Amino acid sequence: MDLQGYLEALRLLPRTNTEKPIEAFPNPFIKDAQQASIAIVLVSLGCMYSVHNLIAPNMTAIANLFHFNAYERDAYVGGELTMCFYFPGVFGALIAGLMSGVIERRLLLATLAFLTGVACLFTARVGTFDQLLTARAVSGFGIGGCLPVVYSLVGDWYPARKRSSATAFVTAASGAGVFIGQCLSTLVGSADWRLPFFIIAMPCMAAGGAIWYLMEEPARGAQEDGVETLSLYQSVGLHYSPAYGIRQLKALMHNRTNVLVILQAFPGNIPWGVIIVYTHDFLVQDLGLSTSGALGAITTLALAAFAGILTGGFVGELLYGANTKYLALFGGICNILRAVPFFLLFGWKQMFGSWAHASESSFFFLLMIGGFVATMASPCTGAMLLNVNLPETRGSVMAMYSVLDDLSKGFGTLFVAMIVKLVGGRAVAYQISLLVWVFTGVALLFAYHTYDKDEEMMRKHLEETAMESMVVLSKQRAQQAIRQCARAAGEAHFAQRNGPAGGAGASL
């Protein structure tokens, strides 16, 4: 393309009528490659998250290997080993979140997946408890870092209107991985607790190779709306250059939606820590369910939560298409209402009597309603964070959300343990913790007034970056064209001056 064509492509001069308009939809071959990349990432995420609960079903077997008594089992295997798994994950999330904004995410995610697989393989070969702590710490680092990177990729794979359903699949993939890993550890680990780690290590390392060789890195910001951004990618062919500067810091400081959504992670997920840690024991000890009955109840709750994630993602997608502010409204209402079924669950004995006199169908129906409603807002809050942040800051923001989410769940167990004696029983303490859902849900409702402005501001900053890149390119192309013209003119002038003289010399 000559200088005139570049200037027209950059909108510095009017386009001619013969040119084709910018297409809003990608090439079908590119779309197929994108779908394959998404599938690879989701399967890899599930493989990595399957490492989470491989220890829990076989705590006693591990304790026996290291000659721990019952107290030491709970203190070392249940406490210290768990801390050594989650604490490095905090650093992994923060580091990977920052790096996902400036380096190739394909390399970063492949490295984390391969590292997790190697750590699992090492776990299957440990001989001392210190070696086990080290192996689990490396696993925690890898798993903690993968989620911010995946969310950063989702933001560049999907446009804003599709991100609710996309984040639902991410949440579902990670949850399915945890569930499959625990089932595998329960079934296979009864023979040897090391075997599940060896089995999981192979898919994790294979996932790292598949990500590196088969996945395609999406262009940053390519799915954002805006005329200049579309022109930057589809007409000119430039790539968005991530950078942390004044524009990025200013966008984060003035983003009120970030604050309201992150409140859903901390302190908003304190009740989740209570539910995850204490529900099984509460069902057996307080309500009188058998061990198998409690397992069936938790399975019902987990399946309902899985269905709620997927449903919430597609509902959020429909609401975003109708009005973007409805996303915040839907998430806030769901986060408030989810406290009701769990309030009834924890107060079941006081309200409806013992398990023997209760209706089993009503109890399981309450579990299904609670699990379903409790997770419906999760895809919407994830989509909101992606939609109001620039491509280079999404990984950092999602890392912060992930870290606070884990911190909130850990703090929830401590919070309940502190107030049990003060309120006269753990059932009441569990119910009090549910008030956090109500308060943070009300806070999310305020995002109804901030979401549109923050999303528009993000697009404005992205358009400014696109315009700056386009102007820089036009200057570079113009300077190049001028140099080429000057060189051609000089060569022509030299040929005209020396041509006749050379011819005269030849005739003599």
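Residues numbered from 1 in each chain as written. Predicted model: local features only at pLDDT ≥ 70, side-chain atom pairs only at ≥ 80, totals over all residues. Heavy atoms only, no water.

Digging into the overall build of the protein chain
Consideration 1: The number of helices and strands found in the protein chain is 22 helices and 0 strands.
Consideration 2: Out of the 508 residues in the protein chain, the part that is buried amounts to 47%.
Consideration 3: Taking the intrachain contacts of the protein chain between residues at least 6 apart in sequence as the baseline, contacts between residues at least 24 apart amount to 83%.
Consideration 4: When the accessible surface of the protein chain is summed, it comes to about 24,000 Å², and 68% of that surface belongs to carbon and sulfur atoms. (Helix = DSSP H or I, 4+ residues; strand = E, 2+ residues; numbered from the N terminus. Buried < 20%, exposed > 50% of the residue type's maximum accessible area, 1.4 Å probe, protein only. Contact = heavy atoms within 4.5 Å. Areas by Shrake-Rupley, 256 points an atom, 1.4 Å probe, with all protein chains shown as cover.)

Points about helix α12 (residues 270-285)
Consideration 1: Over its 16 residues, α12 extends 22 Å from the first C-alpha to the last, a length consistent with the 22 Å expected when each residue adds 1.5 Å.
Consideration 2: When α12 is considered as a whole, its buried residues turn out to be I270, P271, W272, G273, V274, I275, T279, F282 and L283.
Consideration 3: Summarising the contacts, the buried residues of α12 are in contact with α13 (291-322), α15 (339-346), α17 (360-374), α19 (391-423), α20 (426-433) and α21 (435-445). (Expected span 1.5 Å × (residues − 1).)

Section: the pattern of salt bridges
Consideration 1: Evaluation of the coordinates by the stated rule reveals 7 salt bridges.
Consideration 2: Of the charged contacts, one joins E317 and K162 as a salt bridge, the two residues approaching to 3.3 Å between their closest N and O atoms. Placement of the pair is E317 in helix α13 and K162 in the loop between α6 (129-157) and α7 (163-188), with a sequence separation of 155 residues.
Consideration 3: You can call E317 buried: its relative accessible area is 18%.
Consideration 4: Across the pair R459 and E455 runs a salt bridge whose closest N-O atoms are separated by 3.2 Å. Residue R459 and its partner E455 are both found in helix α22 (residues 447-507); the two are separated by 4 residues, about one turn of the helix.
Consideration 5: Counted as one network, the salt bridges with shared partners bring together R105, D156, E217 and R394. (Salt bridge = Lys/Arg side-chain N within 4 Å of Asp/Glu carboxyl O.)

A closer look at the nonpolar core
Consideration 1: L45, V77, L109, F129, L132 and M384 are the most contacted members of the largest nonpolar core, which has 76 residues in total.
Consideration 2: A per-element tally of this core places α6 first, with 13 residues.
Consideration 3: Apart from the residues within four sequence positions on either side, V77 is in contact with I55, M59, I62, A63, F68, E72, T82 and F129. (Core = buried A, V, L, I, M, F, W, Y, C linked by side-chain atoms within 4.5 Å.)

Observations concerning helix α14 (residues 326-337)
Consideration 1: Look at α14: 16 Å from first C-alpha to last across 12 residues, which is about the 16 Å you get at 1.5 Å a residue.
Consideration 2: Regarding α14, the residues found buried are L327, A328, F330, G331, G332, C334 and N335.

Examining a nonpolar patch on the surface
Consideration 1: On the surface, a nonpolar cluster with roughly 580 Å² of combined accessible area is contributed by M83, F87, F91, I95, M99 and V102.
Consideration 2: Here I95 lies in helix α4 (residues 70-99).
Consideration 3: Relative accessible area serves as the criterion here: at 38%, I95 is assigned to the partly exposed category. (Patch = residues over 30% accessible without salt bridge, like charges linked within 9 Å, V, L, I, M, F, W, Y side chains within 5 Å.)

Observations concerning the packing of α20 against α21
Consideration 1: Interhelical geometry of α20 versus α21 gives an angle of 5 degrees and a closest axis separation of 4 Å. Of the possible angle classes, the one that applies to α20 and α21 is roughly parallel. Contacts between α20 and α21 involve Q431, I432 and S433 on the former and, on the latter, L435, V436 and W437.
Consideration 2: Looking at the contact of α20 with α21 residue by residue, the classes come out as 4 nonpolar, 2 polar and no charged. (Axes fitted to C-alpha atoms, helices over the stretch in contact; angles between N-to-C directions. Parallel < 35°, antiparallel > 145°, perpendicular 65-115°, else oblique. Nonpolar A, V, L, I, M, F, W, Y, C, P; charged D, E, K, R; others polar.)

Topic: the packing of aromatic side chains
Consideration 1: Considering all chains together, one arrives at 18 aromatic pairs under this definition.
Consideration 2: A ring pair is formed by F87 and F91, whose centres lie 5.3 Å apart and whose planes are at 80 degrees; its orientation type is edge-to-face. Note that F87 and F91 are positioned in helix α4 at a spacing of 4 residues, about one turn of the helix.
Consideration 3: What makes F87 exposed here is its relative accessible area of 52%.
Consideration 4: Members of the aromatic cluster, each reached through a chain of ring pairs, are W272, F282, F342, F346, Y430 and W437.
Consideration 5: Sitting over the face of the ring of W212, R106 holds its NZ or CZ atom 4.2 Å from the ring centroid. (Phe/Tyr/Trp six-rings, centres within 6.5 Å; stacked < 30°, edge-to-face > 60°. Lys NZ or Arg CZ within 6 Å of the ring centre and 35° of its normal.)

Considering the packing of α13 against helix α18 (residues 378-387)
Consideration 1: Where α13 contacts α18, the two axes come as close as 8 Å, and the packing angle between them is 45 degrees. When the axis of α13 is compared with that of α18, the two are oblique. Of the residues in α18, those touching α13 at I309, G312, G313, G316 and Y320 are P379, C380 and N387.
Consideration 2: Considered class by class, the residues forming the contact of α13 with α18 number 4 nonpolar, 4 polar and no charged.

Concerning the confidence of the model for the protein chain
Consideration 1: Overall, the prediction assigns the protein chain a mean pLDDT of 81, with 80% of residues at 70 or greater.
Consideration 2: Note on residues 227-237: pLDDT is under 50 here. Beyond four places in sequence and across chains, it has 41 contacts.
Consideration 3: Contacts for the low-pLDDT stretch residues 503-508, under 50 throughout, to residues beyond four places or in other chains number 0 contacts. (pLDDT = per-residue confidence, 0-100.)

Concerning the side chain of R426
Consideration 1: Looking at the secondary structure, you find R426 in helix α20.
Consideration 2: Side chain to side chain, R426 and D286 meet in a polar contact 2.6 Å long.
Consideration 3: R426 has contacts with D281, F282, Q285, D286 and V420, leaving out every residue within four places of it along the chain. (Polar contact = N/O pair within 3.5 Å; in protein donor to acceptor, adjacent residues only side chain to side chain.)

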